[in-house]
Every structure is written in C-alpha cells, then in structure tokens.
Amino acid sequence: MANTAEDLGQRALAEIDKLGSLDPGWDSYDAESIPEEARTRARDCIRAVISQLGSSYADPVVGPTATPGVVLIWKAKGQGEVHAIFSRDDAKYVVVGSDQRIRDRLPIHAYPDFALQVLKYHLSLLRR
Amino acid sequence: MAIPPYARGEEIRAGTLYRRIPNFRNYYDHDLGLPTFHAFTPRRKDNGAFSAHLKDYVSEEDAATDPKRPDDRSYGLCELDIADMRALTQGAVTAWYAPSQRALGHAHVRVLGCADEMMAQAVARMARVIRVPGTHPSGGRATQGRT
C-alpha cells in the first residue's frame, strides 16, 4: 500500500523527535545533544513543506548535525540536493549540485517561502 | 607509541589524517560513496575547527573507534591528505598539531577553516573512504538513533 503524504510526514516528524534521545558525544567528537529549539524548527518546516508542496516532498532524509542541530535533505535522484539546517538560533539552506559543488546557501526566514521559492524551485532545476 | 615530531600549535603541511564518519544518512552518501559536508562541519563553539588524527601515529582500528563507546562499531573512517586539502582550498583549510590527554591525544590535530560549508564540502569531495559507516566486519551496529 502506498504511503500517504500524512504517513510520510509522520515518519519524518518521528525521526526528528528521535534525535532528541541522542546522548552528548553521539558523533564520537563531543557533539552536544540536539536542542529542542532546533527540532521544533525542523518540525515546523516539514509541516510547512507538506502544506505547500504535498506528498512528493514529505519524506526528506532526517539527521543530526554537530553544530548542534537538525538537517533535512531533499534529493533529486543523482541530480543534487537541498539541505535545510536548523540550530538553536536559526535556520538556513544549502543547495548541492550534481557536480557536488555548493550552488547556494542562505538563511531561511519563513518556511512556506522556503518550500515554494527554494525547495520547489531548486529541485525542479536539479531534476531537469 | 611514537610521538609526532611537531610542537603544540605547529601547522602540519604534509601527511594524512583520519576522521570518523558517524553512521547517519546525512553524514555519508551511499550512492556516491562519499561523506557529506556534515562530516566536516565543526561544532559552532569550536570556531571552525574539527578534530582528526595523524594516520602514521594511530591504528586504523583505533581511529575508527569512539573512545567513549568502544562497542559501537558503526563508524566509518576516511583519510584526508593534508597537502591536498590545503592546496584545493587555497590555504583556507589547514591542520594544526593539538595534542591532548585524551585517547589518541598524542596524534590529535585540529583542522581549521571548515565553518564555511563550501570548505567543508571541498574536504568531503577529496576524502578517501577507508571504511563505510555501518559496515564493520563484526556486524556491529549503532546503539542509538542511527538511520
């Protein structure tokens, strides 16, 4: 049975929640625990992306960062990817091209704008 | 145990470094067979520096082991050529000897210049993967929250 957008979104949200259980030093190099503020930002972003773009964007790779924070990665199947990175204090995105070079990196100010103007735009370009 | 011939705080211009790769999908791209820039992005409070160890002064097995969780065999390991790293980043990414009292501290190096994702990505692209995360022959797996 195919997953619905809601199911996929729930999986990403659950993975974000799970990052809260990582102990300090989870990366073997003294990374701190993932702060609740960063997880909240990531959850808010997922909800905005699903609301704006629907099911095909509902299942990014979810992972921890040493900053510390959370990253959501949307991949365009060998054509590059968009990383949304959330810390205790802010959010930003990084676009990586199929040549593995970073094409763009800027702050995220509003998640609906990120969904429509960054994620949809860049993934459609990368998929061409 | 051999001690590296560097003074504390001395820049190291040649040699090879080991860096562990945590077993999370955002740290290693299994399609490309390369670590991502997240594997070389330092903690914010470290002012752009990440830790690594001099290959000639530690074993591969020790370098791939979390000293605080030695039973966790899920870590990957990569090599970084110091001269190449410096040259490819036009001197923006550099390695400095920083010995400590911790495990493998005699071989500890701080790599500066990777707060910028551009530089961390440049390092990721030149990394030589020795051990893919999650594939240790023991079959050991992560103990928490890994993807």
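Thresholds applied
Residues numbered from 1 in each chain as written. Chains lettered and ligands numbered in written order. Predicted model: local features only at pLDDT ≥ 70, side-chain atom pairs only at ≥ 80, totals over all residues. Helix = DSSP H or I, 4+ residues; strand = E, 2+ residues; numbered from the N terminus. Rg over C-alpha atoms; globule rule 2.2 N^0.38 Å. Buried ≥ 20, exposed ≤ 12 C-beta atoms within 10 Å, placed from the backbone. Contact = placed C-beta atoms within 7 Å. Pairing = 2+ DSSP bridges. Nonpolar A, V, L, I, M, F, W, Y, C, P; charged D, E, K, R; others polar. Expected span 1.5 Å × (residues − 1). Arc of directions from axis to C-beta. Axes fitted to C-alpha atoms, helices over the stretch in contact; angles between N-to-C directions.

### Focus: the overall build of chain A
Thinking step 1. Along the backbone of chain A there are 3 helices and 5 strands.
Thinking step 2. When the helices and strands of chain A are listed from N to C terminus, the series reads α-α-β-β-β-β-β-α.
Thinking step 3. Since a compact globule built from 128 residues should have a radius of gyration of about 14 Å, the 14 Å found for chain A is in line with a globular shape.
Thinking step 4. Overall size of chain A, expressed as C-alpha extent along the three principal axes, is 40 × 35 × 25 Å.
Thinking step 5. Looking at the 128 residues of chain A, the share that counts as buried comes to 41%.
Thinking step 6. Here the contacts in chain A between residues at least 6 apart in sequence split such that 54% fall between residues at least 24 apart.

### A short note on the sheet that holds strand S1 (residues 11–12) of chain B
All names here are of chain B.
Thinking step 1. Spatially, S1-S7-S8-S5-S2-S6-S9 is the arrangement adopted by the 7 strands of the open sheet, whose pairing is antiparallel. Two strands in the sheet have a free side with no partner beyond their single neighbour: S1 and strand S9 (128–131).
Thinking step 2. The pairing of strand S5 (residues 49–54) with strand S8 (residues 108–112) spans 5 bridges and is antiparallel. In the sheet register, His 53 faces S8, and the bridge partner there is His 108.

### Concerning the interface of chain B and chain A
Thinking step 1. Facing the 23 residues of chain B at the interface are 23 residues of chain A.
Thinking step 2. With 4 residues, helix H3 (residues 117–126) of chain B is the single largest residue contributor to the side of chain B that touches chain A.
Thinking step 3. Across the side of chain B that touches chain A, the residue classes break down as 6 nonpolar, 8 polar and 9 charged.

### Details of the environment of Leu116(A)
Thinking step 1. Positionally, Leu116(A) belongs in helix H3 (residues 111–127).
Thinking step 2. Residue Leu116(A) is classed as partly exposed on the basis of its C-beta count, with 15 C-beta atoms lying within 10 Å.

### Examining the pairing of strand S6 (residues 76–81) of chain B
Residues and elements named next belong to chain B.
Thinking step 1. Here strand S2 (residues 16–21) runs beside S6; their pairing, made up of 6 bridges, is antiparallel. Counterpart to Tyr 18 in the pairing with S6 is Glu 79.
Thinking step 2. Summarising the sheet, S6 and S9 pair through 3 bridges and their orientation is antiparallel. In the sheet register, Leu 77 faces S9, and the bridge partner there is Arg 131.

### Considerations on unusual backbone geometry
Thinking step 1. The omega torsion across Thr67(A) and Pro68(A) is 10 degrees, close enough to zero to call that bond cis.
Thinking step 2. Along the chain, Pro68(A) turns up in the loop between strand S1 (61–65) and strand S2 (69–75).
Thinking step 3. Even without being glycine, Asn47(B) reaches a positive phi, approximately 50 degrees.
Thinking step 4. On the secondary structure map, Asn47(B) appears in the loop between strand S4 (34–35) and S5.
Thinking step 5. Of note, the phi angle at Gln90(B) is positive, near 50 degrees, even though the residue is not glycine.
Thinking step 6. Locating Gln90(B) in the fold gives a position in the loop between helix H2 (82–88) and strand S7 (94–97).
Thinking step 7. The exposure class of Gln90(B) is exposed, given the 9 C-beta atoms found within 10 Å.

### Topic: the environment of Phe24(B)
Thinking step 1. Inspection of the secondary structure puts Phe24(B) in the loop between S2 and strand S3 (28–29).
Thinking step 2. Remark: the alpha-carbon pair of Phe24(B) and Ser74(B), spanning 50 residues in sequence, is separated by 9.5 Å.

### Regarding helix H2 (residues 36–53) of chain A
Residue and element names in this part refer to chain A.
Thinking step 1. Taking 1.5 Å per residue, 18 residues should reach 26 Å; H2 reaches 25 Å between its end C-alpha atoms and fits that length.
Thinking step 2. Taken together, the buried positions of H2 are Ala 38, Arg 39, Arg 41, Ala 42, Cys 45, Ile 46, Val 49 and Ile 50. Taken around the axis of H2, the buried residues stretch over an arc of 165 degrees, which confines them to a single face.

### Regarding the sheet that holds strand S3 (residues 80–87) of chain A
Residue and element names in this part refer to chain A.
Thinking step 1. Pairing within the open sheet is antiparallel, and its 5 strands lie in the order S1-S2-S3-S4-S5. If you trace the sheet from one side to the other, it starts and ends with S1 and strand S5 (102–107), each paired once. The mean angle between the axes of side-by-side strands here comes to 20 degrees, regardless of whether they run parallel or antiparallel.
Thinking step 2. One ladder, built from 7 bridges, connects S2 with S3; its direction is antiparallel. Among the inter-strand pairings, Val 71 is bridged to a residue of S3, identified as Ile 85.
Thinking step 3. Contacts from H2 reach S2, S3 and strand S4 (91–97) within the one sheet, and its direction differs from that of S2 by about 25 degrees.

Structural measurements only, silent on function.
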